[in-house]
Amino acid sequence: MKGVVFNLLEETVTRSFGAHVWDGLIEASGVSGAYTSLGNYPDEEIEALVAAASAALSLDRNAVLRWFGNGAIPVLAENYPAFFEGVADARTFVEGVNHIIHAEVRKLYPGAACPHFRLHAAASGDLVMDYLSARNMCALAQGFVEGVAAWYAQPVEFRHLQCKEQGHGHCTFAMTWAASAEGSMAA
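Conventions we followed
- Residues numbered from 1 in each chain as written.
- Predicted model: local features only at pLDDT ≥ 70, side-chain atom pairs only at ≥ 80, totals over all residues.
- Heavy atoms only, no water.
- Helix = DSSP H or I, 4+ residues; strand = E, 2+ residues; numbered from the N terminus.
- Buried < 20%, exposed > 50% of the residue type's maximum accessible area, 1.4 Å probe, protein only.
- Contact = heavy atoms within 4.5 Å.
- Areas by Shrake-Rupley, 256 points an atom, 1.4 Å probe, with all protein chains shown as cover.
- Expected span 1.5 Å × (residues − 1).
- Phe/Tyr/Trp six-rings, centres within 6.5 Å; stacked < 30°, edge-to-face > 60°.
- Arc of directions from axis to C-beta.
- Pairing = 2+ DSSP bridges.
- pLDDT = per-residue confidence, 0-100.

Peer 1: Help me understand the overall build of the protein chain, please; the structure alone is not making it clear to me.
Peer 2: Scanning the protein chain from N- to C-terminus turns up seven helices and four strands. Here the protein chain, with 187 residues, has 48% of them falling under the buried criterion. In the protein chain, the proportion of contacts linking residues at least 24 apart, taken out of those at least 6 apart, comes to 61%. Only carbon and sulfur atoms are counted for the fraction: they give 56% of the accessible area of the protein chain, which is about 8900 Å².

If you want it as structure tokens, here you go:
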């Protein structure tokens, strides 16, 4: 996993709980804690940090990942404002993840193994997303979507229709925004 994800996690934890809590998570997880944005680090290190946070907060893995995704959006917007420029609403942002955000991530961080999202509009107007990733961090994806919705002040109803953790080949989500927040399909 790219160091930028670890940097986002560190900043999110530090802003929410203070640097001492981040230091405690590093110590409890047994990871090095020295992450450069361009570096590549074993997925096991992010999992160890999430496990340490789970133990410290008495939350399960998915709750910690979801919290992280949600809290990381303001940090992402501050550190990478270009990702948000010209994007009118939350749905449009989510629709552009593969073609805009992940494309830029791959330019900035060669070798990044970003998840892939298959997107389509359902007859109901919902945005349906298949989450394709070997990392099985669908809760992180949910947190990012909810964080983007909060960033744009456009609440979203997020439904996890199927999950890899329950034996499916991939996770599928359905997201509903208010009619005024619906954008055109960019994906």
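Peer 1: Is there a simple way to explain helix H3 (residues 43-57) in this structure?
Peer 2: Note: α-helices contain 3.6 residues per turn, so residues at a spacing of three or four share the same orientation. Its 15 residues give H3 an end-to-end C-alpha distance of 21 Å, which sits within 8% of 21 Å, the value for a rise of 1.5 Å per residue. Turning to H3, its buried residues are Glu45, Ile46, Leu49, Val50, Ala52, Ala53 and Ser54. Close packing links the buried residues of H3 with helix H1 (3-17), helix H2 (19-29) and helix H4 (61-79). One or two positions beyond H3, positive phi appears at Ser58, with a value near 55°.

Peer 1: Hey, could you run me through the packing of aromatic side chains in this one?
Peer 2: Two measures describe an aromatic ring pair: the distance that separates the ring centres and the angle between the ring planes. In this structure the tally under the stated criterion is 12 aromatic pairs. Each ring, one from Phe17 and one from Trp67, has its centre 5.7 Å from the other, and the planes form 35°; the classification is tilted. In this pair, Phe17 sits in helix H1 while Trp67 sits in helix H4, placing the two residues 50 residues apart along the sequence. Accessibility expressed as a relative area gives 29% for Trp67, which makes it partly exposed. Aromatic pair Phe93 and Tyr152: ring centres 6.4 Å apart, planes at 50°, arrangement tilted.

Peer 1: How should I be thinking about H2 in this particular structure?
Peer 2: Restricting attention to buried positions, one finds in H2 the residues Trp22, Leu25, Ile26 and Ser29. End-on view of H2: buried residues confined to an arc of 100°, all on one side of the axis. Every exposed residue of H2 that faces more than 90 degrees away from the buried side is listed here: His20, Glu27 and Ala28. Elements in contact with the buried residues of H2: H1 and H3. Taken from the residues just after H2, Gly30 is the one with a positive phi, measuring 80°.

Peer 1: Would you mind going over unusual backbone geometry with me for this structure?
Peer 2: Trans peptide bonds make up the majority, and among non-glycine residues the majority have a negative phi. Backbone geometry places Ser58, a non-glycine residue, at a positive phi of 55°. Among the structural elements, Ser58 can be located in the loop between H3 and H4. What makes Ser58 exposed here is its relative accessible area of 67%. Positioned with a positive phi, Ala153 is a non-glycine residue whose angle comes to about 55°. Following the sequence through the fold, Ala153 ends up in the loop between helix H7 (138-151) and strand E3 (156-162). By relative accessible area, Ala153 is classed as exposed at 63%.

Peer 1: Sorry if this is basic, but what is going on with the pairing of strand E1 (residues 116-121) here?
Peer 2: Walk down a regular strand and you will see the side chains alternate between the two sheet faces. Sheet topology note: the E1/strand E2 (residues 127-132) ladder contains six bridges and is antiparallel. Following the sheet pairing, Arg118 is matched in E2 by Asp130. Between the antiparallel neighbours E1 and E2 lie five residues, among them Gly125 with a positive phi of about 100°.

Peer 1: What's the story with the confidence of the model for the protein chain in this structure? I'm lost.
Peer 2: Detailed reading of the predicted model is not advised wherever pLDDT is low. Of the residues in the protein chain, 87% reach a pLDDT of 70 or more, and the chain-wide mean stands at 87. Within the model, pLDDT remains below 50 along residues 180-187, and this stretch shows 23 contacts once partners closer than five positions in the same chain are excluded.

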